[in-house]
2 protein chains.
Amino acid sequence: MPRLRLALAQTNPIVGDFTGNSAQIVHAARRASEAGADLLLVGEMALSGYPIEDLAAQPSFLREAHDAVPALATTLAEEGLGGLAVVVGHPDGPFTPRLDGTSNAPTAIAQNCASVLQGGEVRARYAKHHLPNYSVFDEYRVFIPGDELLVLRLKGVDAALIICEDLWRDGGPVGRVLEADAGLLLVINASPFERDKDETRLPLVTRRARETDTIVAYVNIVGGQDDLVFDGDSVVVDGTGAILARAPQFREHLLVVDVDASAATETELRDHVVRVELSAPSLVEPVVTTPLEPDIAVLPDDREQLWNALVLGLRDYVAKNGFRSVVLGLSGGIDSAVCAAIAADALGADRVHGVSMPSRYSSDGSRSDADELAERIGLHYSTEAIAELVQPIEDQLQLTGTAAENVQARIRGLILMAESNTHGHLVLTTGNKTELSVGYSTIYGDSAGGFAPIKDVPKTLVWELARWRNAAAVERGETPPIPANSIEKPPSAELRPDQIDQDTLPPYELLDEILEGYITRRLGRHDLIAAGFDEATVQFVADLVDRSEWKRRQGAIGPKISGMAFGRDRRLPITSRRAG
Amino acid sequence: MPRLRLALAQTNPIVGDFTGNSAQIVHAARRASEAGADLLLVGEMALSGYPIEDLAAQPSFLREAHDAVPALATTLAEEGLGGLAVVVGHPDGPFTPRLDGTSNAPTAIAQNCASVLQGGEVRARYAKHHLPNYSVFDEYRVFIPGDELLVLRLKGVDAALIICEDLWRDGGPVGRVLEADAGLLLVINASPFERDKDETRLPLVTRRARETDTIVAYVNIVGGQDDLVFDGDSVVVDGTGAILARAPQFREHLLVVDVDASAATETELRDHVVRVELSAPSLVEPVVTTPLEPDIAVLPDDREQLWNALVLGLRDYVAKNGFRSVVLGLSGGIDSAVCAAIAADALGADRVHGVSMPSRYSSDGSRSDADELAERIGLHYSTEAIAELVQPIEDQLQLTGTAAENVQARIRGLILMAESNTHGHLVLTTGNKTELSVGYSTIYGDSAGGFAPIKDVPKTLVWELARWRNAAAVERGETPPIPANSIEKPPSAELRPDQIDQDTLPPYELLDEILEGYITRRLGRHDLIAAGFDEATVQFVADLVDRSEWKRRQGAIGPKISGMAFGRDRRLPITSRRAG
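What comes next concerns the included structure. Since the model is a prediction, treat every value here as computed from it, not as a measurement. (Residues numbered from 1 in each chain as written. Chains lettered and ligands numbered in written order. Predicted model: local features only at pLDDT ≥ 70, side-chain atom pairs only at ≥ 80, totals over all residues. Heavy atoms only, no water.)

Now for the overall build of chain A. Scanning chain A from N- to C-terminus turns up 18 helices and 19 strands. Radius of gyration (C-alpha) of chain A: 26 Å, near the 25 Å computed for a compact globule of 580 residues. Over its C-alpha atoms, taken along the principal directions, chain A stretches across nearly 85 × 50 × 45 Å. When burial is assessed residue by residue, chain A has 64% of its 580 residues classed as buried. Restricting the contact set of chain A to residue pairs at least 6 apart, pairs at least 24 apart contribute 76%. If you sum the accessible surface of chain A, you get close to 19,800 Å²; carbon and sulfur atoms cover 49% of it. Measuring between centres, the 55 positive side-chain charges of chain A sit 2 Å from its 84 negative side-chain charges. (Helix = DSSP H or I, 4+ residues; strand = E, 2+ residues; numbered from the N terminus. Rg over C-alpha atoms; globule rule 2.2 N^0.38 Å. Buried < 20%, exposed > 50% of the residue type's maximum accessible area, 1.4 Å probe, protein only. Contact = heavy atoms within 4.5 Å. Areas by Shrake-Rupley, 256 points an atom, 1.4 Å probe, with all protein chains shown as cover. Lys, Arg positive; Asp, Glu negative; His and termini not counted. Charge placed at Lys NZ, Arg CZ, Asp CG, Glu CD.)

Right, here's the structure in full:
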């Protein structure tokens, strides 16, 4: 069997930054070449970033993308890397929209492509067949599907090339891999992290490897892009489903592995299959030529994965949008404590600014918990009491009840935005998913901010992550960042005397269970009641969820870690009388 | 030629309100029956409201929809209306998702259907073939396409039935209408208004009528649903393309018309065509049997159409979300004046509350313009000076520059939200499209609110509409609502002394032209420069647009009237370095 040395690069692209993204690929190609690789795989849309959303419908953006591909091939050749075969993902176009039965999107003028670069040239191109158009994906909106399978012949091996969703769907190009008798299946991906996704993704890869009796090389991009976090976790699996190599999650990495693939046969090509013969790499003398030891990363514990996703999501939002620092309100409660700890892990405590904004209802305990948090983390810390700012407003407007409570929250939001305007910090809003679900927040108050680090984390999971993070610190011999009291005390918004959340909400364990059913599992009210939940509680919670859709629509983005995040993952009307 | 009497009902459904929507249809059926109609057409999704977005992925919602169809048939029969054939749109499901080549949406478990009710039964069902997945539409995300054409035989006429997008695409069911030799083409629609859409929609209908030599009956729903306004404008066209009848825009209406259609032939049915024989109406003695005079509405002037769309969008958002009144800040400027006039037209002045919130920078002119507006319209009017609320904040936080300016806007937002919390008003935010495009607003300040009546109206069009509305008042012998000075004076945010918008922005005529290119026409920066715009101005404006994506993402919804509205019509990443 011919032996090939494959390199899989987990790059971290920025949408629209063709120069920077190309430089990442050239850097990976240099290291792959030094490692003696025959073929380098880079992720789906690694040249443009992903998702590009409606930028795919802008001809000038597509022209840039189109030109960036041969430019990259030229650069690689100029850098002496032209011998290496490089597979890279990018959008291509503009093409004429198809308005026949295969497309209903007159604005789709692009394709989601993989190009094969070698010898300073673009040797071949593949267009993705299956365009995911569910969950956070809108690919059928912006892309025209491809209909040919590409097979690359390299060093006597036939390697079929597909893109992401193509692997997930039966039929289509995956079905043709067997017919084409390929020895290797290359899959480039931009597959965002969500909790437990490795429990479906890895089994899929191994199943496809076994079905086609083919080695599968699966490369994924890495990094945060708005509300998505790409986790890498690239993997190479042999035809028995055994893992040959696996890259770590959540960081840039070059995975290099030797594979012994079936030799190409002279099978006649079916319709819709294109074969391109590549040269064997020859331009560079590889530094490493001895057989490689397998490099198999082990996934950490679930909570560590979640924490890492939240950290990377925030770090990349800050870095890619040109911020240098963040500011957040520290109430002494668990949500702001966890957000501060995430921010310190993402950016270093020196770039995190916490503001304590006590009111006349803030307990001494809250203030001292906030103080302790700031000290444990070592972040920048200041205090702005709000009583003297709130009083004139309450007096002039003669406010009472909710209207008065909300003023406190809005003055706090105003203070953080003023800090941002003065110092250029990104404002973090610290609401958790449970709170967002039931609308338990003040719009333009505590919901004010550009990024919401834990918006997809239910309250019960916030506690769990806090405990995990503290335990991890203890294990490493570091100071646990989160004050024990912030974890243990009953949660309160402290907008009126002796208020606690459970005065007006069901216990969080129960609430999160109902929300998991109503939101994530899309169950109806009657389904939940039939499942044994108390009818009045279900109706109360579902009403709160439905009524706060308008608030969520105006909320900040934050990293998706669940199978059903608020935002483009769940698109519901504001105006709605659904009752079932 | 057999004569049929058709009734087309423009109903105004609410998403999820199956009871209320059914009642509207029964009411229309009663009137149609009294008018001697043979067949009643109601709009696409008239039973469920439209768009239902991801509610289509919720099995409990679909069960309700599924059950509402036979329930409606039963009610019609019980009311003595069972003889009338009624075509009504609704979602149906849940079905098993298709994961073959025809769908990439594992969450799509519904179809977009039209059911034919007669004699207390559901006689036939058609599922939409072409699922629009562009602009504001996400149908491929949530629906499974149909693949059969339905032909109804009624009183010796064969009538083919299709849904909305089916009419727009070549091929598919429209292509089979000719083959089926139908004499009548029934099209039920949920087609939202946008400026100049009648210039494409009506020609499309007449073209299809001529192509198929068939009478086309096109019915559309009416009303506001979140950011969409359905305009009705139902029409019946004969095989020569001549208009036989046309309903007025923007209001509920029953259009009744006699058509002389070709008699059905015994053509053999092709594959994928189903024919259902309906009974001739017989259960009710029609009140009207004499031939009808054609009822052909004339579309008003462009500006009147736009105004009516904005009025209906606001009225329905208020009514369908259970508000009774609105509140908005009155600055004396043109934007708030136009919003107040729209609100008064939508709700009556008695349900509109204006608050003047002068600062130390507000000119006497601004205050008197606001006073004059309130008086002209006759709305509820109060004043809350903000100087004494802003001062303590500026002092305590030691704010200057933009940070201090934003405090003024945020205190105003806070006051309006307090009014809302106290009195239950919906807060209107008065930003126009130009302002939203370049981020010329204070987030959580003047952008605070639940609905943005003119968010899709560029500044130059705001002036044009103001002038039109005043002129229309004069024509009707009424008081023009908008003070002349608010229209004529140079616009200013008045956040610092002697500030006017044009200190920091290009002239609005130029700005709106650049924005039309960059946003609506999706041109790149280089395209605009090549078209002759000044390079520095283009780069400046495009940078402003790109940088304020995060603010727009947190903005209130408002009625779409253009071909490219902010919101789900234009989906762009926040994190982006696009430069072209």
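Here the structure, examined in full by the defined rule, presents 90 salt bridges over all chains. Ionic pairing is found between A:Arg469 and A:Asp345, a salt bridge with its closest N-O pair at 2.7 Å. With A:Arg469 in helix α13 (residues 459–475) and A:Asp345 in helix α8 (residues 334–347), this pair connects stretches of sequence that are 124 residues apart. Of the charged contacts in the structure, one is a salt bridge between B:Asp301 and B:Arg303, with a shortest N-O distance of 3.3 Å. (Salt bridge = Lys/Arg side-chain N within 4 Å of Asp/Glu carboxyl O.)

Counting 104 residues, the largest nonpolar core has A:Leu40 and B:Leu40 as its most contacted members. Residue contacts for A:Leu40: discarding those within four places in its chain leaves A:Ala7, A:Ala9, A:Ile25, A:Ala28, A:Ala29, A:Ala32, A:Leu84, A:Ala85, A:Val86, A:Val87 and A:Leu254. Among the nonpolar cores identified, the runner-up in size contains 70 residues, and A:Tyr317, A:Leu330, A:Val352 and A:Ile377 belong to it. (Core = buried A, V, L, I, M, F, W, Y, C linked by side-chain atoms within 4.5 Å.)

Counting residues at the interface gives 90 residues for chain B, matched by 90 residues for chain A. For the pair chain B and chain A, the number of links is eight salt bridges. Note that B:Asp527 is salt-bridged to A:Arg63, the shortest N-O span being 2.8 Å. Between chain B and chain A we count 39 residue pairs in polar contact (both at pLDDT 80 or more) in total. Among the elements of the structure, α2 (59–78), α3 (139–142), α7 (302–320), α10 (387–397), α11 (401–423) and α18 (549–553) of chain B are those that each provide at least two residues to the side of chain B that touches chain A. By residue number, the principal contributor to the side of chain B that touches chain A is α11(B), which donates 12 residues. Of the residues in the side of chain B that touches chain A, the class split is 42 nonpolar, 24 polar and 24 charged. (Polar contact = N/O pair within 3.5 Å; in protein donor to acceptor, adjacent residues only side chain to side chain. Nonpolar A, V, L, I, M, F, W, Y, C, P; charged D, E, K, R; others polar.)

What follows covers the side chain of B:Ser420. All names here are of chain B. Inspection of the secondary structure puts Ser420 in helix α11. According to the relative accessible area criterion, Ser420 is buried, its value standing at 15%. Those residues in contact with Ser420, other than ones at most four positions away along the chain, are His425 and Val427.

Now for the sheet that holds strand β19 (residues 426–427) of chain B. All names here are of chain B. As summarised here, the arrangement of the four strands in space is β18-β17-β16-β19, forming an open sheet in which the pairing is parallel. Two strands in the sheet have a free side with no partner beyond their single neighbour: β18 (380–383) and β19. Sheet topology places strand β17 (residues 352–356) next to β18; four bridges connect them, and they run parallel. By the bridge assignment, Val355 is partnered in β18 with Ser382. (Pairing = 2+ DSSP bridges.)

Residues and elements named next belong to chain A. Looking at the element boundaries, Pro559 is found in the segment after α18 (549–553). Sequence separation between Pro559 and Phe61 is 498 residues; the distance between their C-alpha atoms is 26 Å. Discounting residues that sit within four places of it in the chain, Pro559 has contacts with Asp227, Val229, Leu310, Phe451, Ala452, Pro453 and Asp456.

The strands that make up a sheet pair up through hydrogen bonds in the backbone, lying either parallel or antiparallel. All names here are of chain B. One open sheet accounts for six strands, arranged β5-β4-β3-β2-β1-β14; its pairing is mixed. Every other strand in the sheet has two partners, leaving β5 (121–127) and β14 (253–260) as the edge strands with one partner each. Sheet twist, expressed as the mean angle between neighbouring strand axes with direction ignored, is 25 degrees. For strand β1 (residues 3–10) and strand β2 (residues 39–42), the ladder comprises four bridges, and the chain directions are parallel. When the sheet's bridge partners are listed, Leu6 is paired in β2 with Leu39. Contacts between α2 and the sheet are confined to β3 (85–92), β4 (111–118) and β5, with β3 contributing the most and set at about 170 degrees to the helix. (Axes fitted to C-alpha atoms, helices over the stretch in contact; angles between N-to-C directions.)

What follows covers the packing of α7(B) against helix α13 (residues 459–475) of chain B. All names here are of chain B. Where α7 contacts α13, the axes come no closer than 10 Å and their chain directions differ by 100 degrees. On the basis of the axis angle, α7 is roughly perpendicular to α13. For the pair formed by α7 and α13, the contact residues are Arg303, Glu304, Leu306, Trp307 and Leu310 on the first element and Leu461, Glu464, Leu465, Trp468 and Arg469 on the second. When grouped by side-chain class, the residues that make up the contact of α7 with α13 number six nonpolar, no polar and four charged. (Parallel < 35°, antiparallel > 145°, perpendicular 65-115°, else oblique.)

With an axial shift of 0.0 Å and an RMSD of 0.0 Å, the rotation relating chain B to chain A amounts to 180 degrees. Viewed as a symmetry operation, the transformation between the two copies matches a two-fold axis. Judged by C-alpha distance, B:Gln554 is the residue of chain B that lies nearest the rotation axis, at 2.0 Å. When the interface residues of chain B are mapped onto chain A, 100% of them again lie at the interface, so the same face is used by both copies. (Least-squares fit on C-alpha atoms with pLDDT ≥ 70 in both.)

All right, on to the side chain of A:Lys128 then. Mapped onto the secondary structure, A:Lys128 falls in the loop between β5 (121–127) and α3 (139–142). With sequence-adjacent residues up to four places away left out, A:Lys128 is seen in contact with A:Glu44, A:Asn112, A:Glu139, A:Ile144, A:Pro145, A:Gly146, A:Ile163, A:Cys164, A:Glu165 and A:Asp166.

Next up on the list: the pairing of strand β16 (residues 326–329) of chain B. Residues and elements named next belong to chain B. The side-chain alternation of β16 yields two buried faces, one formed by Val326 and Leu328 and the other by Val327 and Gly329. Inspection of the sheet shows β16 paired to β17 by four bridges, in the parallel sense. Pairing of Gly329 across the sheet is with Val355, part of β17. At this point the chain moves from β16, through helix α8 (residues 334–347), to the parallel β17, and the crossover so formed is right-handed. Where β16 and β19 come together, two bridges link them in parallel fashion. Bridging across to β19, Val326 finds its partner in Leu426. (Right-handed = clockwise from strand over helix to strand, strands pointing away.)

With that settled, the discussion passes to the pairing of strand β8 (residues 184–189) of chain A. Residue and element names in this part refer to chain A. Counting buried positions along β8 gives six out of six residues, so the element sits mostly inside the fold. Alternating residues of β8 divide into Leu184, Leu186 and Ile188 and Leu185, Val187 and Asn189, and every residue in both groups is buried. Relative to β8, strand β7 (residues 157–163) runs parallel, the two being bridged by five bridges. Residue Ala160 lies in a different strand from β8, and its bridge partner there is Leu185. With six bridges joining them, β8 and strand β9 (residues 215–220) adopt parallel strand pairing. From the neighbouring strand, Leu185 faces β9, where its bridge partner is Val216. For the segment spanning β8, helix α6 (residues 198–212) and β9, crossover handedness is right-handed.

It is worth spelling out the environment of A:Leu572 at this point. Structurally, the position occupied by A:Leu572 is in the segment after α18. Considered as a pair, A:Leu572 and A:Glu549 are 23 residues apart in the sequence and their alpha carbons are 7.8 Å apart. Excluding its chain neighbours within four sequence positions, the residues that come into contact with A:Leu572 are A:Glu549, A:Arg553, A:Arg578, B:Glu53, B:Asp54 and B:Leu55.

One pass over the full model with this rule turns up 16 aromatic pairs over all chains. Pairing A:Tyr140 with B:Tyr140 gives two aromatic rings, centres 3.6 Å apart and planes at 10 degrees, and the pair type is stacked. Pair noted here: A:Tyr140 is in helix α3 and B:Tyr140 is in helix α3, and the two residues belong to different chains. For A:Tyr140, a relative accessible area of 5% gives the class buried. Consider the rings of A:Trp463 and A:Tyr508, whose centres lie 5.7 Å apart with planes at 75 degrees: the pair is edge-to-face. (Phe/Tyr/Trp six-rings, centres within 6.5 Å; stacked < 30°, edge-to-face > 60°.)

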